[in-house]
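Close look at the chain arrangement
Chain residues, written in single-letter form:
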Amino acid sequence: MSRPFEESPYAFTVPPRVEAVPAARDRVADRARRLGLELGEELTDDLKLLTGELVANSVTHTKAACVVCIRWTGERLRVEVTDVDPTPVALSQALPVDEHGRGLFLVAALATEWGSQSCVAGKTIWFELEVPSSAEATMTVATAHSEVPTEQAMASCTGNAPPVLAKPLPIVGARARAEYQAA
């Protein structure tokens with residue numbers, strides 16, 4: 001069953017353990033379904049892979065919990081991961097024998113758009129996936145647009161209406177409904 005637009009964004013905390021990554025991936029995919037988005041198998045797999053990469057990078061490199069925020073923009077599904085490390089992210093050149101270092105290349109290749117931005121907590125890295133329109137998703141979004149202005153719904157994660165969607169926004173001080181993932 002889909003949720004009203006004004007309940008998006010949705011945020012939760014991921015504990016600082018790599019073992020928590022699969023549950024975070026599943027929660028993001030479940031939230032997309034609960035929003036009434038019909039992603040299909042391939043897009044769901046991409047969503048889970050990209051979420052897993054960002055969350056795994058966060059908990060591996062910071063050894064601290066991170067916050068995942070999911071929002072529907074009306075055209076794209078946006079996933080933001082905020083952690084305590086202020087170090088900007090950058091694509092790195094992994095050698096063929098390296099076991100790590102290719103995650104952001106996957107994000108860059110599969111996401112419609114991605115980026116990162118420093119914030120009060122540290123940094124937020126995000127990606128967006130363009131979701132093909134479906135009858136159910138269109139109806140959910142159309143109903144929601146008449147109830148809540150787009151800017152208000154999108155701003156509820158940050159507390160500020162974004163001037164342009166393409167600019168990433170920190171989610172520190174989020175008014176989003178936050179849930180804590182069981183350890």
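Residues numbered from 1 in each chain as written. Predicted model: local features only at pLDDT ≥ 70, side-chain atom pairs only at ≥ 80, totals over all residues. Heavy atoms only, no water.

A few words on the environment of Arg25. Mapping Arg25 onto the fold places it in helix 1 (residues 21-34). The spatial distance from the C-alpha of Arg25 to the C-alpha of Glu53 is 9.4 Å, given a sequence separation of 28 residues. Setting aside its immediate chain neighbours within four residues, Arg25 contacts Lys48, Thr51 and Gly52. (Helix = DSSP H or I, 4+ residues; strand = E, 2+ residues; numbered from the N terminus. Contact = heavy atoms within 4.5 Å.)

Turning our eyes to something else, we now look at the pattern of salt bridges. Per the stated rule, a full pass over the model turns up eight salt bridges. Here Arg34 and Asp30 are joined by a salt bridge, their closest N and O atoms 3.7 Å apart. Residue Arg34 and its partner Asp30 are located together in helix 1, separated by four residues, close to a single helical turn. On the accessibility criterion, Arg34 (18% relative accessible area) is buried. (Salt bridge = Lys/Arg side-chain N within 4 Å of Asp/Glu carboxyl O. Buried < 20%, exposed > 50% of the residue type's maximum accessible area, 1.4 Å probe, protein only.)

Next up on the list: the side chain of Glu128. With respect to the helices and strands, the residue Glu128 is situated in strand 5 (residues 123-130). Of the residues examined, Glu128 reaches a relative accessible area of 0% and is grouped as buried. One polar contact links Glu128 to Arg76, side chain to side chain, over a distance of 2.8 Å. (Polar contact = N/O pair within 3.5 Å; in protein donor to acceptor, adjacent residues only side chain to side chain.)

Among the structural elements, Thr73 can be located in the loop between strand 2 (66-72) and strand 3 (76-83). Exposure remark for Thr73: the relative accessible area of 8% places this residue in the buried category. In terms of polar contacts, Thr73 uses its side chain to reach the backbone amide nitrogen of Glu75, at 3.2 Å. Only 2.8 Å separates the side chain of Thr73 from the backbone nitrogen of Arg76, close enough to count as a polar contact.

The element strand 3 is extensively covered by neighbouring structure, given that eight of its eight residues are classed as buried. Here strand 3 shows two buried faces, one formed by Arg76, Arg78, Glu80 and Thr82 and the other by Leu77, Val79, Val81 and Asp83. Pairing between strand 2 and strand 3: six bridges, direction antiparallel. Bridging across to strand 3, Cys69 finds its partner in Glu80. Here strand 2 hands over to strand 3 after three residues, with Gly74 in that stretch at a positive phi of 105°. The sheet contact formed by strand 3 and strand 5 spans eight bridges and is antiparallel. Its bridge partner being in strand 5, Arg78 is matched across the sheet by Glu128. (Pairing = 2+ DSSP bridges.)

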